[in-house]
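# Analysis of the macromolecular model
What follows is the residue order along each chain.
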Amino acid sequence: MKGKLVSIDVETTGLDPKVHDILEVAAIVFDINPNIKEISSFHCFINNKVTCWDQDTFNFHMINEYFEYMNSFKGVLRLNPSDFELQFRSFLRESLFKNEETTTSREEIINSNRFSITAVGKNFGSFDAQFLYKLCPSFKTSRLFRHRSIDLGNLLWDPKLDGVILPDSNECLKRSKIEDNLNEGVVVPNFFKHRAMDDAEQVMLMCRKYVSLKL
């Protein structure tokens, strides 16, 4: 088993990428082989000069104490939208070729549109990717994701239980058996905290567990 995936999660000011903005981005590049534990991570807050809020999302973040978390979090990048693309593209490129021989210069790595990676997440293609495309329009025309993404909801979908509705994040968490000692009927706690890095990590763990179950 060879190859790497990237788990990406964003926190936003609402649900519509045409109107609302990204607040936070986290990504973890990891090997598809669950026995290889080494990862590379990226985490930043976006300094938006003006943000458009959905009122329900704003209220949710207030209740969830997201703003306190955002203001108190130390040691994380705080990037202007114009700076995000170079930083994120460089991170992905260097993570993909980490421990591999390459003659590509750092400048070529940062500016290259020639590399691609498959993203894994929950609703990545319909949600997270659309906000990333707004923040970095060049992503949409580059080979970065090339419309390649793995949705855990699709992997863990059971038509007998779900009908035409994909399972939500917590149901995916339960079905991926991320808790080895989970007993039937136990309610899985809400591990999705709406903190970008925490949720990206949970997606990575679920993906690794799913792959382990299939081996």
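Within every chain, residues take consecutive numbers counted from 1 along the sequence as written. In view of the model being predicted, local features appear only for residues whose pLDDT reaches at least 70, and side-chain atom pairs are presented and counted only at 80 or more, with totals across whole chains, interfaces and linings using the full set of residues. To get the side-chain values, take all heavy atoms of the structure and skip hydrogens and water.

Before going further, it helps to spend a moment on the layout of surface pockets. With a 1 Å grid spanning the protein atoms alone, the term cavity applies to any set of points in which a 1.4 Å probe fits but cannot get out, the term pocket to an open set with protein on both sides within 12 Å along at least five of seven lines, and the term lining residue to any residue with an atom within 4 Å of a point. Grid points are joined across faces, edges and corners, and a volume is the space filled by probe spheres set on the points. Estimated volume of the largest pocket: approximately 540 Å³. Lining the largest pocket we find 25 residues, and of these Asp9, Val10, Glu11, Phe127 and His194 sit closest to its centre. Think of it this way: any DSSP run of H or I at least four residues long counts as a helix, any run of E at least two long counts as a strand, and we number them from the N terminus. Sorting the residues of the lining of the largest pocket by element identifies strand S1 (4–12), helix H1 (55–63), helix H5 (124–135), helix H9 (169–175) and helix H10 (196–214) as the ones contributing at least two each. By residue class, the composition of the lining of the largest pocket is eight nonpolar, 10 polar and seven charged. In this classification, Asp, Glu, Lys and Arg are treated as charged, Ala, Val, Leu, Ile, Met, Phe, Trp, Tyr, Cys and Pro as nonpolar, and every other residue, Gly included, as polar.

Mapping Leu96 onto the fold places it in helix H3 (residues 81–96). When the C-alpha atoms of Leu96 and Ser116 are compared, they prove to be 9.1 Å apart, with 20 residues separating the residues in sequence. Between two residues, a contact is recorded if the distance between any of their heavy atoms is within 4.5 Å. Apart from residues no more than four positions distant in its own chain, Leu96 is found in contact with Lys4, Phe115, Ser116 and Ile117.

This paragraph deals with the sheet that holds strand S3 (residues 39–46). Strands were regarded as paired on the criterion that DSSP finds at least two bridges between them. As summarised here, the arrangement of the six strands in space is S4-S3-S2-S1-S5-S6, forming an open sheet in which the pairing is mixed. Of all strands in the sheet, those with a lone pairing partner are strand S4 (77–79) and strand S6 (149–151), marking the two edges. When strand polarity is set aside, the average angle formed by the axes of neighbouring strands in this sheet is 30°. The pairing of strand S5 (residues 118–121) with S6 spans three bridges and is parallel. Bridge pairing links Ala119 to Ser149 in S6. The strands touched by H3 are S1, strand S2 (22–31), S3 and S4; relative to S3, the strand with the most contacts, the crossing angle is about 175°. Orientation is described by lines fitted to C-alpha atoms, with helices fitted over the stretch in contact, and by angles between N-to-C directions that extend from 0 to 180 degrees.

Our next topic: the packing of aromatic side chains. In summary, the pairing rule links any two rings of Phe, Tyr or Trp, Trp by its six-membered ring, whose centres are within 6.5 Å, and it sorts them by plane angle into stacked for under 30 degrees, edge-to-face for over 60 and tilted for everything else. Scanning all chains against the criterion turns up 16 aromatic pairs. Judged by centre distance (6.2 Å) and plane angle (70°), the rings of Phe45 and Phe73 are edge-to-face. Here Phe45 is found in strand S3, whereas its partner Phe73 is found in the loop between helix H2 (66–72) and S4, with 28 residues between them in sequence. Centroid distance Trp53 to Phe58: 5.3 Å. Interplanar angle 85°. Geometry classified as edge-to-face. Of the aromatic side chains, those joined through ring pairs into one cluster are Phe45, Trp53, Phe58, Tyr66, Phe67, Tyr69 and Phe73. Counted as over-ring charges are cases with an Arg CZ or a Lys NZ within 6 Å of the ring centre that also lie within 35 degrees of the ring normal. Against the face of Tyr69 rests Arg195, its NZ or CZ located 4.6 Å from the ring centre.

Bringing H10 into the picture now. Expected helix span is taken as 1.5 Å per residue step, with the number of steps being one fewer than the number of residues. A rise of 1.5 Å per residue sets the reference length of H10, with its 19 residues, at 27 Å; its end C-alpha atoms lie 27 Å apart and thus fit the reference within 8%. Burial classes: relative accessible area under 20% of the type maximum marks a residue as buried, over 50% as exposed, and values in between as partly exposed (1.4 Å probe, protein chains only). Of the residues making up H10, those classed as buried are Ala196, Met197, Asp199, Ala200, Gln202, Val203, Met204, Met206, Cys207, Arg208, Tyr210 and Val211.

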